[in-house]
Amino acid sequence: MKNIRNFSIIAHIDHGKSTLADRLIQWTMLIPERQLRDQMLDTMDIERERGITIKSNTITLPYIAQDGREYELNLIDTPGHVDFSYEVSRALASCEGVLLLVDASQGVEAQTLANLYLALEHGLTIIPVINKIDLPQADLEGVKAQMERELALDPDAAILCSAKEGLGIDQVLEAIVSRIPPPAGSPDQPLSALIFDAQYDTFRGAVIYCRVFDGVVKPGDILRLMSHPGTYKVEEVGVFRLQREPRKLLAAGNVGYIIAGVKTVRDTRIGDTITHEARPCAQAQPGFREVKPVVFASVYPVSNEDYLTLVEALEKYQLNDAALVYQKDSSAALGQGFRCGFLGLLHLEIVQERLEREFGQSLIMTVPGVQYRFVLKDGHTVMVDNPQHYPDPIHIQTTLEPFIKATIITPERFLGAVLKICLERRGVNSRFHYPAPGRVEASFEMPLAEVIIDFYDRLKTVTQGYGSFDYDLLDYRTSDLVKLDILVNSEKVDALSMIVHRCRAREWAVRVCDRLKEEIPRQQFKIAIQGALGGQIIARSTITAFRKDVTAKCYGGDVTRKRKLLEKQRAGKKRMKMVGAVEIPQSAFVAVLKTDQG
Amino acid sequence: MSSNSFPGLYLHIPFCRSKCPYCDFYSVTDLSLVTAWVAALIKEAAFYREKFDGFDTLYLGGGTPSLLTPAQLEALLAALRRYFHFTSDAEVTLEANPDDLSREKIAAYQDLGVNRLSVGIQSFNDRDLTFLGRRHTARQAVQALEGARAAGFANLSLDLMYALPGQTEKDWRETLNVALSFQPEHLSCYQLTVEAGTPLGERKTRGEFQAAGEEMEGALFLLTSEFLEDKGYFHYEVSNFAWGKKNCCRHNLKYWRHVPYLGLGPGAHSFSIVDGEDGAQGAPYIKNGVRWWNQADLEGYLKALAAGQAPVAGRETLTPEQFRLEILYLGFRTRRGVALEDLRGYGNWETALGDLEEAGLVEVVQGRAQPTRRGFLVADGLPLRFGD
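Residues numbered from 1 in each chain as written. Chains lettered and ligands numbered in written order. Predicted model: local features only at pLDDT ≥ 70, side-chain atom pairs only at ≥ 80, totals over all residues. Heavy atoms only, no water.

Caption draft 1: Examining the overall build of chain B more closely. Of regular secondary structure, chain B possesses 14 helices and 15 strands. Per-residue burial over chain B gives 58% buried out of 388 residues. The contacts in chain B between residues at least 6 apart in sequence include a share of 70% that link residues at least 24 apart. For chain B, the accessible surface area stands at approximately 15800 Å², while carbon and sulfur atoms represent 49% of it. (Helix = DSSP H or I, 4+ residues; strand = E, 2+ residues; numbered from the N terminus. Buried < 20%, exposed > 50% of the residue type's maximum accessible area, 1.4 Å probe, protein only. Contact = heavy atoms within 4.5 Å. Areas by Shrake-Rupley, 256 points an atom, 1.4 Å probe, with all protein chains shown as cover.)

Structure follows, in structure tokens:
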């Protein structure tokens, strides 16, 4: 056990986490350059394209240190986005130390801080690493100063490296061995292993990623999960090299996988504790909680005929992403679909993109919202995440919405602009902290609903890309909420309804009316688009009827030419949704969500 | 439009003295091949002797049929009459340009049995005629019509064009008034359509003129319909008006009603209904619509026939769904509209029809959904309102 080191790399997005991981893999496993792909651990297309890590991943690296001994370095790669902070926390709970990576040209950012706090919470050893030192705009002294002032880390302990150029990799590896303590725990104690992720394998079912704290697990053992009923018989255990590599056993201190006939990843809650049925451990590993979605939206197939394939796609998708929750939903405008709950906006985008890409679905997604709380006059409290279930206003006593603490780090010169967008979005109780000359850490208490649509994009725009953002959920607060309906020729398009704060309703209504006006093609009759609060119209736009579409001449008996054109147009209509007599293209539903220009 | 059970015969005369810049019908200006074409067409007709035995319309279109000398036309018609039966009351239309219509020619056509002249007037305004690249003047147009009437042509149709650049409502009304002074039995009023690939289309792309625009086109369309219906004409198809139902163009009605027609000449289209089996065992015989078309290339056409082959370039058998779509799209182009039973197959037919009635685009009369005047304006979109 004293030759094992369990560590993770934490960094703000784009600071080079995946590149460093690639280098460590290449260095220790002696992979020739030509076999090396970028982002070795990011196996999904979408991870590679976006340069982000979505799923936790892990790899065991064999390393012969300068002391001549062979070590087993377990690198646990964590997702790099606030949506997945719970998964990150479970991964960190499986480590004894972290490499805290800071980009030499960017410095400390919001997620650097958030990740550092998380690591400190878990009592982990922190090895500061300054990456990208080869860049001409690298500012080593500045970043070191930030580390000292903002992170309270000893800048002299920082390792300088360029993962891209392969500089400083040896020092990083030596520091992992010499600074991070070996795991504690005992193989003789009852089994206690923490699940930090799970992946679905078509042939084997759920592959459980875990860190063994105490005891030993081997094939044939009967296991149970502390917070989930049922027992499972172990079929295989092993560690991750470039592929899964079976082992005879996993013992205290090891990081690896267990295959135990668990059918879906839903049965393996991240953060749960695995123990033996016969000789259970006394208590579960701390920190387990049910993952709760915070952002909600409905998905509908573009064509109603595709409903059943959507059902199938969601079922398959969920095998590998237990964080997605969904239930049936139906809309007069869009037909049968599902109301889905997501960990955050990135998670929503990922689910949508993967469903479309990996499962060949054409989807319409409604405006994302949060879960509101309504206290009714009869004393009941209801939680509503779907505008369609908005209670009858005459029964509502109080409306509440979730608030977050938003933390933004930005160069001071953009503070005015940042302040403006946060106040526009109902930010209150602003606090400012100046960790270093020229830099501001601003925090606001804001409604969650205000940051789920295009907030991050706006922040990036007004800070010219320098601003960074992180948030924590705070609590529910009383708020003056209303339900905004969108009417097309007096018919309510239920899929476009949303719950908003009264002071933001008109702005939203105008925006939606304008977007729809741009996206809905002119038709044979005039189309009125209205935004309404109850019976009160607060915004409107009109699409004039086209005067004429008829071809003057019908080509002397050539009926085919025009018919073919009609056939093509008719095929195109399958992607339209009928609301009353009006055809609304899929693009209109998407356009409503797009970021404002400028 | 009494008898529509007979098929119609169309001849495409692919020659013009000069190309009008807006036209995208197939024609060539090299007139040296007319004689060869006459011979080839007679050969082509022979292919269909068994398949079509009788016609009640003959339509000579183009191109410029009035380029044909009486002798050439006589040779053609004589051959066709040998191959096919024509009913005694057959409608025989010839498209003519005013500058071709000398008194002698008019008399000769009449002797050969042409009983309906469709005259390509386009406008009685010389500025419009220049823009359209026509060879005749307003004065020649008037003379041609006077000549036709004097010769005793009792069925005259005038082709007119509107929504021309710079044309005002007043200009167009004047042209219509001059047209009506001849008391034509039939009027075809076409909106200028600037087709891509035509010289006019290129000039438009270069910004050399400004098209009338949708608003103006719509206004002129409604004006035309109101004006002519006020004078007693029947607006029976998007661009066609008849002085009483009996003067509707019997030949063109076949196109819109799925009555078979045979088209001869380069680029001509044909339609026929054949009995067929739908493939399933024991299935009843069904009727299939078949369309075919000739190559739109005179040299290829001549070559094929010289080699003893039919110059057919393409052919399709309509699926029931295609047939149905055609019924809607052709039906909604005509005042007669679409029979409700042809709409019933669409899942949304009742709501779609209700919406269209409410919008004032369609009215239901005696079991048929008929486009209104405003409905005509958007006729292309009407069939697509019906779906499942």
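Caption draft 2: Summary view of empty space enclosed by the protein. Residues and elements named next belong to chain A. With the rule as written, the count across this model stands at 4 cavities of 30 Å³ or more. Empty space within the second largest cavity amounts to approximately 70 Å³. Taken together, Ser298, Tyr300, Asp329, Arg339, Thr366, Val367, Asn386, Pro387, Gln388, Asp494, Ala495 and Ser497 make up the lining of the second largest cavity. For the lining of the second largest cavity, the per-class residue count stands at 4 nonpolar, 5 polar and 3 charged. (1 Å grid on protein atoms, 1.4 Å probe; cavity = no way out; pocket = protein on both sides within 12 Å on 5 of 7 lines; lining within 4 Å. Points joined across faces, edges and corners; volume = space filled by probe spheres on them. Nonpolar A, V, L, I, M, F, W, Y, C, P; charged D, E, K, R; others polar.)

Caption draft 3: Representation of the environment of Phe444(A) in the model. Mapped onto the secondary structure, Phe444(A) falls in strand 25 (residues 439-447). Sequence separation between Phe444(A) and Asn429(A) is 15 residues, and the spatial gap between their C-alpha atoms is 5.8 Å.

Caption draft 4: Structural context of the packing of helix 1 (residues 34-47) of chain B against helix 2 (residues 70-83) of chain B. Residues and elements named next belong to chain B. The contact between helix 1 and helix 2 brings their axes to 10 Å, and the two run at 5 degrees. Classified by the angle their axes make, helix 1 and helix 2 are roughly parallel. Between helix 1 and helix 2, the residues in contact are Val34, Trp37, Val38, Leu41, Ile42, Ala45 and Ala46 and Gln72, Ala75, Leu76, Ala79, Leu80 and Tyr83, respectively. In the contact of helix 1 with helix 2, the residues fall into 12 nonpolar, 1 polar and no charged. (Axes fitted to C-alpha atoms, helices over the stretch in contact; angles between N-to-C directions. Parallel < 35°, antiparallel > 145°, perpendicular 65-115°, else oblique.)

Caption draft 5: Layout of the pairing of strand 17 (residues 295-301) of chain A. Residue and element names in this part refer to chain A. Summarising burial for strand 17: 7 of the 7 residues are buried, a large majority. The alternating pattern of strand 17 places Val295, Ala297, Val299 and Pro301 on one face and Phe296, Ser298 and Tyr300 on the opposite face, and all of these are buried. With 5 bridges joining them, strand 17 and strand 19 (residues 335-342) adopt antiparallel strand pairing. Looking across to strand 19, one finds that Val299 is bridged to Phe338. Pairing of strand 17 with strand 20 (residues 363-365) involves 3 bridges; the strand directions are antiparallel. In the strand pairing of strand 20, Pro301 is matched with Leu363. (Pairing = 2+ DSSP bridges.)

Caption draft 6: Representation of the pairing of strand 24 (residues 428-436) of chain A within the structure. All names here are of chain A. Strand direction decides the pairing type here: strand 24 and strand 25, joined by 5 bridges, are antiparallel. Looking at the pairing, Phe432 lines up with Ala442 of strand 25. Hairpin connection, strand 24 to strand 25: the antiparallel pair is bridged by 2 residues, and Gly438 has positive phi, about 85 degrees.

Caption draft 7: The arrangement of the sheet that holds strand 20 of chain A in detail. All names here are of chain A. One open sheet accounts for 4 strands, arranged 18-19-17-20; its pairing is antiparallel. Edge positions in the sheet fall to strand 18 (325-331) and strand 20, since each has one partner strand and no second. Going from strand to strand, the sheet's axes swing by 30 degrees on average, the running direction of each strand aside. The sheet strands contacting helix 8 (residues 345-358) are strand 17, strand 19 and strand 20, and the helix crosses strand 20 at an angle near 165 degrees.

Caption draft 8: Examining the sheet that holds strand 6 (residues 159-160) of chain A more closely. Residues and elements named next belong to chain A. In space, the 6 strands of this open sheet follow the order 2-3-1-4-5-6, with mixed pairing throughout. Each end of this open sheet is capped by a strand with a single partner; those strands are strand 2 (57-64) and strand 6. Relative to strand 3 (residues 70-77), strand 1 (residues 4-11) runs parallel, the two sharing 5 bridges. Each bridged residue has a counterpart across the sheet, and for Phe7 the counterpart in strand 3 is Leu75. Contacting strand 4 (97-103), strand 5 (125-131) and strand 6, helix 5 (residues 140-151) crosses the sheet at an angle of about 155 degrees to strand 5.

Caption draft 9: Main features of the interface of chain B and chain A. Taken residue by residue, the interface counts 44 residues in chain B and 33 residues in chain A. Both faces considered, chain B and chain A share a buried interface measuring about 3500 Å² in area, 54% of it formed by carbon and sulfur atoms. In this structure, the connection of chain B to chain A is made through 6 salt bridges. Among the salt bridges present, the one from Arg561(A) reaches Asp24(B), with a minimum N-O distance of 3.4 Å. Inspection of the chain B/chain A interface yields 17 residue pairs in polar contact (both at pLDDT 80 or more). Looking at the side of chain B that touches chain A, the elements with two or more residues in it are strand 6 (186-191), helix 8 (214-230), helix 9 (250-256), strand 11 (285-294), helix 11 (320-331) and helix 14 (373-377) of chain B. Classifying every residue of the side of chain B that touches chain A by side-chain character gives 24 nonpolar, 7 polar and 13 charged. (Buried area = accessible area lost by both parts, 1.4 Å probe. Salt bridge = Lys/Arg side-chain N within 4 Å of Asp/Glu carboxyl O. Polar contact = N/O pair within 3.5 Å; in protein donor to acceptor, adjacent residues only side chain to side chain.)

Caption draft 10: Spotlight on unusual backbone geometry. Along the chain, Gly62(B) connects to Gly63(B) via a cis peptide bond; the corresponding omega equals 20 degrees. Tracing the backbone through its elements, the reader meets Gly63(B) in the loop between strand 2 (54-62) and helix 2. Positive phi values are uncommon outside glycine, yet Ser490(A) reaches one of about 70 degrees. Its location among the elements puts Ser490(A) in the loop between strand 27 (481-488) and strand 28 (491-492). Ser490(A) sits in the exposed class, given a relative accessible area of 60%. The backbone of His258(B) sits at a positive phi, close to 60 degrees, despite the residue not being glycine. One can find His258(B) in the loop between helix 9 and strand 9 (261-264). Its relative accessible area of 10% is what places His258(B) among the buried residues.

Interpretation note: all reported values are geometric properties and have no functional meaning in isolation.
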